[in-house]
Amino acid sequence: MGVLSEGLTQILIPVAAFIGLGFALFQWFLVSKVKVSGGYGDYSGYKDRLINEGETEEGVDSLEVSIKCAEIQNAISVGATSFLFTEYKYLGIFTAVFGVVIFLFLGSVKGFSTESEPCTYNTGNICKPALANALFTTIAFFLGALTSVLSGFLGMKIATYANARTTLEARKGVGKAFITAFRSGAVMGFLLAANGLLVLWVSINLFKLYYGDDWEGLYESITGYGLGGSSMALFGRVGGGIYTKAADVGADLVGKVERNIPEDDPRNPAVIADNVGDNVGDIAGMGSDLFGSYAESSCAALFVASISSFGISHDFSAMSYPLIVSSMGIVVCLITTLFATDLFEIKRVSEIEPTLKRQLVISTVLMTAGIATVTFFALPSEFTLFNFGTEMSVKNWHLFFCVAIGLWAGLAIGYTTEYYTSSAYSPVKDVADSCRTGAATNVIFGLALGYKSVIIPIFAIAIAIYVSFSLAAMYGISVSALGMLSTIATGLAIDAYGPISDNAGGIAEMAGMSHEIRERTDALDAAGNTTAAIGKGFAIGSAALVSLALFGAFVSRAGINTVDVLTPKVFIGLLVGAMLPYWFSAMTMKSVGSAALKMVEEVRRQFNTIPGLMEGRAKPDYATCVKISTDASLREMIPPGALVMLTPLIAGTLFGVETLAGVLAGSLVSGVQVAISASNTGGAWDNAKKYIEAGGNEHAKSLGPKGSDAHKAAVIGDTIGDPLKDTSGPSLNILIKLMAVESLVFAPFFAAHGGLLFKLF
């Protein structure tokens, strides 16, 4: 037994969660305090009163501009809320239907028997009936889906609440604007980390009331929590990604290339839809995505532990090790956040990106010490783990290395992503320089950069897998994934900071604020682009480890001793699995393309038919563009979602567990590569464009200014990269995780009734 008692463990986990929730609310309070005012009369019916009291330091922006900011923020908030509520209606129907499917499939494993039965792994003991597992897995699925939706929605509300506040703070200096944007991102990060931990802890304790000593059944049913989280994340990512990129591509191609007007010019009809899209795709989608990763890595670790000595000897503290690591992560991220908002003050634009990168390093170093502490107190000095039918003796310091290597692999992936997507380094500068000879060379250089950027992350993931598996089998890999996600609150804070800054810049442009303020918001946005790419790198890297851990749990639960690649059943699965990321990417890319086509035609129509629009005398019809994005995303998110959800069910039922194992392995190996290259290519193209627009040095000035041939070529590259980095790339990590966790949840059914085609022929 470890030093930590069960009673103390039961106290520490919820306390850490409530500390996270309290800190999130405190950060939200500080953000709301920044820009709430009165004294000017009731200028707006908005809940968010954004009018500044007194003069700003610059003294250049009038009260009218402040009111305009409030109007624009309200339009973005209403648009984002309206879209998410419509999307959630569709998801509500899906959740109800899929919940019934889970219950029927798992209940039928033993013919809906209510009789207790011998346990699968600890055969001397009696476990609860399969029907109970079906019911509790379904309940866990609903809980995971609800928490995922809540994470995304709360993040979106906070982002839309903060964007105009960031704009108005930019009048006082770049440091003030940075703190507002970062604090808002931190609200989302801590809410998600704390919510995920608290709901999981409550679920385990409530399920325990029924399951009692049957920990095998308890933690098997908890895997439904990860499935629910990732199901919502898939549709949120794909739907939000299609929405935001349809608007972004339409706004850029007509506004910047054809009409030569600024990115967020209020004359552009697609500009509100573009800003709404940043929130529903990059905030709500990313929130659900990382929550899904967290839920799945926790569920994989808990399931593998439950069939090892922790579960058999009922050592609750050791069993809860994944939750204790996450609890420590919340405390570490809280301390880390203070370095960005309170301990150091940003005074110059050049300090923004280093400050954000420093967050990653500080959280990783502190978390390493935190993991060592947690491992010593929560785990016994030596224990045995289940390893594909055999037992493996493991020491507690082995698990410290497993979690730590996942954590540091995440840092390596983050820094590699930053190197390939930041305009401070040569790869992006080379892409920008290639724009001198047109869009074709820009595209060639960008694709080459994306492919090359895969190398280091794959080696980092490979080393983490080898070390973790050698030290602690599949449990080592699952806690390694958890290590990469242990600083999720900080990761999400720097990720959400990006779209908030992007929106702040858009509001500054639309409200007609001074050029100096727009430069400040552009600097915040450029740094945010890099941090968003880092966030996607973390999500993809953790997805690879999570998927492998879930794959191992699936193989154990399905009763497969070895997966032989030379077996035809497995090899055909490998081929099909490796193809799936390409099929999925084709669907999502085409969806963005067809929606963008309609958007471009509508924006052109308005410029051509509304008299005085280009001169600024008439207002564009924003609502039609919002409707095009909404309709397209809701319609187009269904086929890719169906592909991911149905593949494991069809493969497992018709072809059996061995073929399904091949499908999972193939999709994991192929999907990680495609996802990293797509995300980094898109990020590099975006920052190459911003590098030219900013004109920060002689090289950039020689390629600019805005409207030059090189700039137009950069805009085309950025437009091609938009669906790669914000729709297909980030959605692929959900594909590989979701298929793995779905296979694990349905493993008892596939093991009992799968392979119908092979049985017939």
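Residues numbered from 1 in each chain as written. Predicted model: local features only at pLDDT ≥ 70, side-chain atom pairs only at ≥ 80, totals over all residues. Heavy atoms only, no water.

A. Seen up close, the overall build of the protein. Broken down by element type, the protein carries 24 helices and four strands. Over its C-alpha trace the protein gives a radius of gyration of 25 Å, about what one expects of a compact globule, namely 27 Å for 761 residues. Dimensions of the protein, computed from C-alpha atoms along their principal axes, come out at roughly 80 × 55 × 45 Å. By residue count, 66% of the 761 residues in the protein fall in the buried class. For the protein, restricting intrachain contacts to residue pairs at least 6 apart in sequence, the fraction spanning at least 24 positions comes to 83%. As presented, the protein carries roughly 25,500 Å² of accessible surface, and 66% of it is formed by carbon and sulfur atoms. In the protein, 49 side chains carry a positive charge and 62 a negative one; their mean positions are 3 Å apart. (Helix = DSSP H or I, 4+ residues; strand = E, 2+ residues; numbered from the N terminus. Rg over C-alpha atoms; globule rule 2.2 N^0.38 Å. Buried < 20%, exposed > 50% of the residue type's maximum accessible area, 1.4 Å probe, protein only. Contact = heavy atoms within 4.5 Å. Areas by Shrake-Rupley, 256 points an atom, 1.4 Å probe, with all protein chains shown as cover. Lys, Arg positive; Asp, Glu negative; His and termini not counted. Charge placed at Lys NZ, Arg CZ, Asp CG, Glu CD.)

B. Structural detail: the packing of aromatic side chains. Taken as a whole and judged by the stated rule, the model has 32 aromatic pairs. Ring geometry for F83 against Y243: centres 4.8 Å apart, planes inclined by 55°, an arrangement best described as tilted. Here F83 is found in helix α2 (residues 63–107), whereas its partner Y243 is found in helix α5 (residues 215–258), with 160 residues between them in sequence. Residue classification places F83 among the buried positions, given a relative accessible area of 1%. With relative accessibility at 0%, the residue Y243 sits in the buried group. On the numbers, 4.9 Å between centres and 70° between planes, the contact of F136 with F207 is edge-to-face. One end of the pair, F136, is in helix α3 (residues 130–169); the other, F207, is in helix α4 (residues 174–211), with 71 residues separating them in the sequence. Note on F136: relative accessible area 14%, which makes it buried. We classify F207 as buried; its relative accessible area is 4%. (Phe/Tyr/Trp six-rings, centres within 6.5 Å; stacked < 30°, edge-to-face > 60°.)

C. Seen up close, the environment of T368. Looking at the element boundaries, T368 is found in helix α10 (residues 352–378). Accessibility expressed as a relative area gives 17% for T368, which makes it buried. For the pair formed by T368 and L407, sequence separation is 39 residues and the distance between their alpha carbons is 7.8 Å. Excluding its chain neighbours within four sequence positions, the residues that come into contact with T368 are F400, L407 and W408. A polar contact of 2.9 Å, which involves the side chain of T368, links it to the side chain of W408. (Polar contact = N/O pair within 3.5 Å; in protein donor to acceptor, adjacent residues only side chain to side chain.)

D. Region of the structure containing the packing of helix α14 (residues 455–485) against helix α20 (residues 657–694). In contact at an axis separation of 10 Å, α14 and α20 are set at 140° when each is read in the N-to-C sense. As far as their axial angle goes, α20 and α14 are oblique. For α14 against α20, the interelement crossing comes out right-handed. Here P457, I458 and I461 of α14 lie close against α20, whose contacting residues are V672, Q673 and I676. Residue composition of the contact of α14 with α20, by class: five nonpolar, one polar and no charged. (Axes fitted to C-alpha atoms, helices over the stretch in contact; angles between N-to-C directions. Parallel < 35°, antiparallel > 145°, perpendicular 65-115°, else oblique. Left-handed = near helix turned anticlockwise from the far one by under 90°. Nonpolar A, V, L, I, M, F, W, Y, C, P; charged D, E, K, R; others polar.)

E. Spatial organisation of unusual backbone geometry. You will see that N260, though not glycine, has its phi angle at about 55°, which is positive. Given the relative accessible area of 47%, N260 is considered partly exposed. Of note, the phi angle at A473 is positive, near 50°, even though the residue is not glycine. Relative to the helices and strands, A473 is located in helix α14. Accessibility expressed as a relative area gives 0% for A473, which makes it buried.

F. Summary view of the side chain of T417. Looking at the element boundaries, T417 is found in helix α11 (residues 396–421). For T417, a relative accessible area of 2% translates into the label buried. Excluding its chain neighbours within four sequence positions, the residues that come into contact with T417 are A533, I534, G537 and N680.

G. Structural detail: a nonpolar patch on the surface. A cluster of nonpolar side chains, L8, I11, L12, V15, I19, V331, I335 and L366, forms an exposed patch at the surface whose accessible area comes to about 600 Å². Of all elements in the fold, only α1 (6–34) and α9 (321–343) reach the threshold of two or more residues within the nonpolar patch. Per-element accounting of the nonpolar patch gives the leading share, five residues, to α1. Looking at where I335 falls in the secondary structure, it is placed in helix α9. Accessibility expressed as a relative area gives 39% for I335, which makes it partly exposed. (Patch = residues over 30% accessible without salt bridge, like charges linked within 9 Å, V, L, I, M, F, W, Y side chains within 5 Å. Salt bridge = Lys/Arg side-chain N within 4 Å of Asp/Glu carboxyl O.)

H. Structural detail: α3. With 40 residues, α3 ought to run about 58 Å at 1.5 Å a step, and its terminal C-alpha atoms sit 58 Å apart, in line with that. Among the 40 residues of α3, 31 are classified as buried, and the element is accordingly described as predominantly covered. (Expected span 1.5 Å × (residues − 1).)

I. Structural view of the packing of helix α6 (residues 271–306) against helix α16 (residues 515–557). One can describe the packing of α6 onto α16 by two numbers: an axis separation of 9 Å at closest approach and a directional angle of 30°. Note on packing geometry: the crossing formed by α6 with α16 is left-handed. Facing α6, whose interface residues are M286, D289, L290, S293, E296, S297, A300, F303 and V304, α16 presents G535, K536, A539, S542, V546, A549, L550, A553 and R557. Of the residues assigned to the contact of α6 with α16, the class counts are 10 nonpolar, four polar and four charged.

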